[in-house]
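Fold and geometry: a report
Here is what each chain is made of, one letter per residue.
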Amino acid sequence: MNAPQTRPFDAARLREDFPILQQSVNGQPLVYLDNAATTQKPAVVLEALDHYYRYDNANVHRGVHALSDRSTTAFEAARETVSRFLNSPAAHQVIWTRGTTESINLVAQSWGRQNLRAGDRILVSWLEHHSNIVPWQLVAEATGAEVVPIPVSDAGDIDLAAFDALLDARVKLVAVNHVSNALGTVNPVAEICRRARDAGALTLVDGAQAVAHMPVDVQAIGCDFYAFSGHKVFGPTGIGVLWGRESVLEAMPPFLGGGEMIETVSFEGTTFNSLPFRFEAGTPHIAGAIGLAAALDYLGGIDLAAAAQHEKRLLAQMLELTADVPGLRRIGQPAECVGIFSFIIDGVPPADLGMLLDEQGIAVRTGHHCTQPLMSRLGLPGTVRAACTLYNTPDDIERLARGIHRARRLFA
Ligand code: PMP
């Protein structure tokens, strides 16, 4: 496939590529600022899904008929697209999963059960999403290992000095997110991975919130595992990726058993398939993989550096237009962040504010954002989160700011 042409960045024009954003909600044109929970899908992704089911649908691998051949070719081409997107050395290091959560559970159950012993430590940061905490707690429970949190500052940055102090011979794995879904912090993952590697630990980066905002290069990051979800990067739900270092993946036992992941099966014993299929038991989400590849191709046609600048401007605009809202407090002020504005307003419960904004056609998220440890660290039950992405416009931010002012007045 030819590399897509990069158009000059224009958020308003990109917005037109997303059919769902063209509708009114509660009588107002939709302002969608819940992009950290899930992103909307451009028409090219919807068309790829439709085309697959309309013309190519068949199960993949081992088929002898034309549709199976087309389906397999598109499915494996999608893996190649993800491989290029991550700058992976090889496509067989890309394993399809249902999403970030399943990718992390795969590593925890396969690598973790094989490698962790009583007294070993897994470091995760206080910034983590529950899906980068609970899988480690489950495997720690089973193996006697311990999950130890890396401190974060009040601003929402990982405390690297405290991280260094925790990095001793007991640490077998360090698992951190690339970007925090609650505060927008962009973590220095290459530096974290370098320090972990020097201390003899493996690393997993939860890239769920990074993929829609910046180019990702697993070789430059130097991690052993990188996980992300298709739906956070303009692709379908139910499809995601675990990328792994080849030598590490090769040594790992299967996660789920069934079809696709075997080489031979007998009642005397079963042998397992090679990478990546050993970790892909059962019929995969073929359409999802193809839809995700269409989303990544779409992203490939966008100037991501310009998109990142655009998001920074939207964040600055949000801060400026809400600076005079009585009692409004931004939560976290990370040194480096994406366009996520997490805030509370004294005397206004986050859920009430979210509902008042919804009445005005503005979608934000409220609550703990699946980061309860972080919320308790910050002494908050939750926040309101407005999360921008490349199709949000200054108009969206003005609507949000007006909506917040109006809601605040109702609570005065
Ligand atoms: N990690 C982070 C940082 C996330 O933001 C999310 C989704 N909110 C996840 C993991 C889990 O992703 P999924 O639900 O797609 O598995």
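Thresholds, definitions, all that
Residues numbered from 1 in each chain as written. Predicted model: local features only at pLDDT ≥ 70, side-chain atom pairs only at ≥ 80, totals over all residues. Heavy atoms only, no water. Near = heavy atom within 4 Å. Polar contact = N/O pair within 3.5 Å; in protein donor to acceptor, adjacent residues only side chain to side chain. Areas by Shrake-Rupley, 256 points an atom, 1.4 Å probe, with all protein chains shown as cover. Nonpolar A, V, L, I, M, F, W, Y, C, P; charged D, E, K, R; others polar. Axes fitted to C-alpha atoms, helices over the stretch in contact; angles between N-to-C directions. Helix = DSSP H or I, 4+ residues; strand = E, 2+ residues; numbered from the N terminus. Parallel < 35°, antiparallel > 145°, perpendicular 65-115°, else oblique. Left-handed = near helix turned anticlockwise from the far one by under 90°. Contact = heavy atoms within 4.5 Å. Buried < 20%, exposed > 50% of the residue type's maximum accessible area, 1.4 Å probe, protein only. Pairing = 2+ DSSP bridges. Domains from an automatic or database assignment. Buried area = accessible area lost by both parts, 1.4 Å probe. Core = buried A, V, L, I, M, F, W, Y, C linked by side-chain atoms within 4.5 Å.

1. As for the site of the ligand
- Within the structure, the ligand sits among Thr-100, Thr-101, His-129, Ser-131, Asn-181, Asp-206, Ala-208, Gln-209, Ser-229, His-231 and Lys-232.
- Within the side chain of Asp-206, an N or O atom sits 2.5 Å from a nitrogen atom of the ligand.
- Between the ligand and His-231, the relevant distance is 2.7 Å, taken from an oxygen atom to a side-chain nitrogen or oxygen of the residue.
- The fraction of the free accessible surface of the ligand (400 Å²) that becomes covered by protein chains is 84%.
- In the shell around the ligand, the residues fall into 1 nonpolar, 8 polar and 2 charged.

2. Things to note about the packing of helix α3 (residues 66-86) against helix α10 (residues 286-300)
- Packing of α3 against α10 leaves a shortest axis separation of 8 Å and a crossing angle of 45°. One element, α3, and the other, α10, form an angle in the oblique class. The crossing of α3 and α10 is left-handed. For the pair α3 and α10, contact is made by Ser-71, Ala-74, Phe-75, Ala-78, Thr-81, Val-82 and Phe-85 and by Ile-286, Ala-289, Ile-290, Leu-292, Ala-293, Leu-296, Asp-297 and Leu-299, respectively.
- Of the residues that constitute the contact of α3 with α10, the class distribution is 12 nonpolar, 2 polar and 1 charged.

3. Some remarks on the side chain of Ser-110
- Position of Ser-110 relative to the elements: it lies in helix α4 (residues 100-115).
- Assessed through its relative accessible area of 1%, Ser-110 is described here as buried.
- The residues touching Ser-110, leaving out its near neighbours within four places in the chain, are Met-252, Pro-253, Pro-254 and Phe-279.

4. Brief notes about the sheet that holds strand β13 (residues 328-330)
- Reading across the sheet, the 4 strands line up as β13-β14-β17-β16 and stay open at both edges, with antiparallel pairing between neighbours. Every interior strand has two partners, whereas the edge strands, β13 and β16 (365-367), have only one. Neighbouring strand axes in the sheet, compared pairwise and without regard to direction, differ in orientation by 30° on average.
- In this structure, β16 lies alongside strand β17 (residues 383-387), joined through 3 bridges in antiparallel fashion. The residue of β17 that forms the bridge with Gly-367 is Thr-383.

5. Some details on the domain arrangement of the protein chain
- As far as domains go, the protein chain holds domain 1 (11-37 + 303-410) and domain 2 (48-299).
- Taken over C-alpha atoms, the centre of domain 1 sits 28 Å from the centre of domain 2.
- Domain 1 puts 34 residues into the contact, and the matching count from domain 2 is 29 residues.
- Taken together, both faces of the contact between domain 1 and domain 2 bury some 2600 Å²; the carbon and sulfur share is 60%.

6. Re the nonpolar core
- Ranked by internal contacts, the top residues of the largest apolar core, which has 79 residues, are Leu-86, Val-174, Tyr-226 and Phe-228.
- Residues lining this core come from more than one domain, with at least three contributed by each of domain 1 (11-37 + 303-410) and domain 2 (48-299).
- Within the second largest apolar cluster, 25 residues are counted, among which are Ile-104, Ala-140, Val-248 and Leu-249.

7. Observations regarding the pairing of strand β14 (residues 340-345)
- The buried fraction of β14 amounts to 6 of the 6 residues, a majority that puts the element mostly inside the structure.
- The pairing of β13 with β14 spans 3 bridges and is classified as antiparallel. Counterpart to Arg-330 in the pairing with β14 is Phe-343.
- For β14 and β17, the ladder comprises 4 bridges, and the chain directions are antiparallel. Residue Ile-340 lies in a different strand from β17, and its bridge partner there is Ala-387.

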